[in-house]
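Each chain, letter by letter, is given below.
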Amino acid sequence: VQLQASGGGLVQAGGSLTLSCVASGRTLMIFDFGWFRQVPGKEREFVAAIRWTKGIVEMEDSVKGRFTISRDIDKKTVSLQMNSLKLEDTAVYYCAADLFRAAEIATSPHMYDYWGQGTQVTVSS
């Protein structure tokens, strides 16, 4: 499975950005699809995830009501719509695919098998 992330950039606080991640290869094996973010010196942290087939989502508390994760199975794309961006949302954002079938949506980065290259999101004041 290969993942290609795009859509990052520079935005003012309160603004919006949409990140996209296109999957290729053995995409039928994907069970969960997640977005994570990381700032220098910190652990990679969970942002949002979606169960590929059923569309069930899991969101990190700080982004609930501001971010939306969605998927287009035909286009093999997962999007992260980010609204009302805050300075603390500044990070490198990564998409990831989990191939392991589990009852709960995977929220730990250690549970994900494939990763995109990361896209920088910078929120300015």
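For clarity, every value in this text was computed on a predicted model and none was experimentally measured. (Residues numbered from 1 in each chain as written. Predicted model: local features only at pLDDT ≥ 70, side-chain atom pairs only at ≥ 80, totals over all residues. Heavy atoms only, no water.)

J.: Which parts of the structure should I look at to understand the state of the cysteines?
T.: Two cysteines, two sulfur atoms, one covalent bond between them: this is a disulfide. This model, assessed by the stated rule, comprises one disulfide. Put simply, Cys21 and Cys95 are joined by a disulfide, and their sulfur atoms are 2.0 Å apart. In this structure the cystine formed by Cys21 and Cys95 twists about its S-S bond by roughly 55 degrees; its chirality is therefore right-handed. With Cys21 in strand β3 (residues 17–24) and Cys95 in strand β9 (residues 91–98), the pair connects residues that are 74 residues apart, well separated along the chain. (Disulfide = S-S within 2.5 Å. Helix = DSSP H or I, 4+ residues; strand = E, 2+ residues; numbered from the N terminus.)

J.: Quick question: what am I supposed to make of the pairing of strand β7 (residues 67–72) here?
T.: Residues in a regular strand point their side chains to alternate faces of the sheet. When β7 meets strand β8 (residues 77–82), the two strands line up antiparallel, connected through six bridges. Bridge pairing in β8 places Thr68 opposite Gln81. Counted between consecutive antiparallel strands, the loop separating β7 from β8 contains four residues, among which Lys76 sits at a positive phi close to 55 degrees. (Pairing = 2+ DSSP bridges.)

J.: Which parts of the structure should I look at to understand the pattern of salt bridges?
T.: Side chains that differ in charge, positive against negative, can pair when their charged atoms come close. This model, assessed by the stated rule, comprises five salt bridges. Of the charged contacts in the structure, one is a salt bridge between Asp32 and Arg51, with a shortest N-O distance of 2.7 Å. With Asp32 in strand β4 (residues 32–38) and Arg51 in strand β5 (residues 45–51), this residue pair connects regions lying 19 residues apart in the sequence. Between Lys64 and Asp61 there is a salt bridge, with its nearest N and O atoms 3.1 Å apart. Each of Arg37, Glu45, Arg66 and Asp89 takes part in one network of salt bridges that share partners. (Salt bridge = Lys/Arg side-chain N within 4 Å of Asp/Glu carboxyl O.)

J.: Even after reading the chapter, I still don't get the nonpolar core, so can you show me in this structure?
T.: Generally speaking, soluble globular proteins have nonpolar side chains that are buried together. The biggest cluster of nonpolar side chains holds 29 residues, and the ones touching the most others in it are Phe33, Trp35, Phe67, Leu80, Met82 and Tyr93. Put simply, the parts of the chain that give this core at least two residues each are β1 (2–6), β3, β4, β5, β7, β8, β9 and β11 (119–124). Discounting chain neighbours no more than four positions away, the residues touching Met82 are Gly15, Ser16, Leu17, Leu19, Arg66, Phe67, Tyr93 and Val121. Core analysis: the second largest hydrophobic core is formed by seven residues, Phe36, Phe46, Ala96 and Ile105 among them. (Core = buried A, V, L, I, M, F, W, Y, C linked by side-chain atoms within 4.5 Å. Buried < 20%, exposed > 50% of the residue type's maximum accessible area, 1.4 Å probe, protein only. Contact = heavy atoms within 4.5 Å.)

J.: Whenever I open this one, the environment of Ala102 confuses me. Can you help?
T.: Of note, Ala102 is situated in the loop between β9 and β10 (114–115). Those residues in contact with Ala102 that sit more than four places away from it in its chain are Phe31 and Arg51.

J.: Sorry, what's going on with unusual backbone geometry here?
T.: It is generally the case that most residues other than glycine have a negative phi and that most peptide bonds are trans. With a phi angle near 55 degrees, Lys76 is a residue other than glycine that sits in the positive phi range. Relative to the assigned elements, Lys76 resides in the loop between β7 and β8. Notably, Ser84 is not glycine yet its phi reads approximately 50 degrees, a positive angle. Of note, Ser84 is situated in the loop between β8 and β9.

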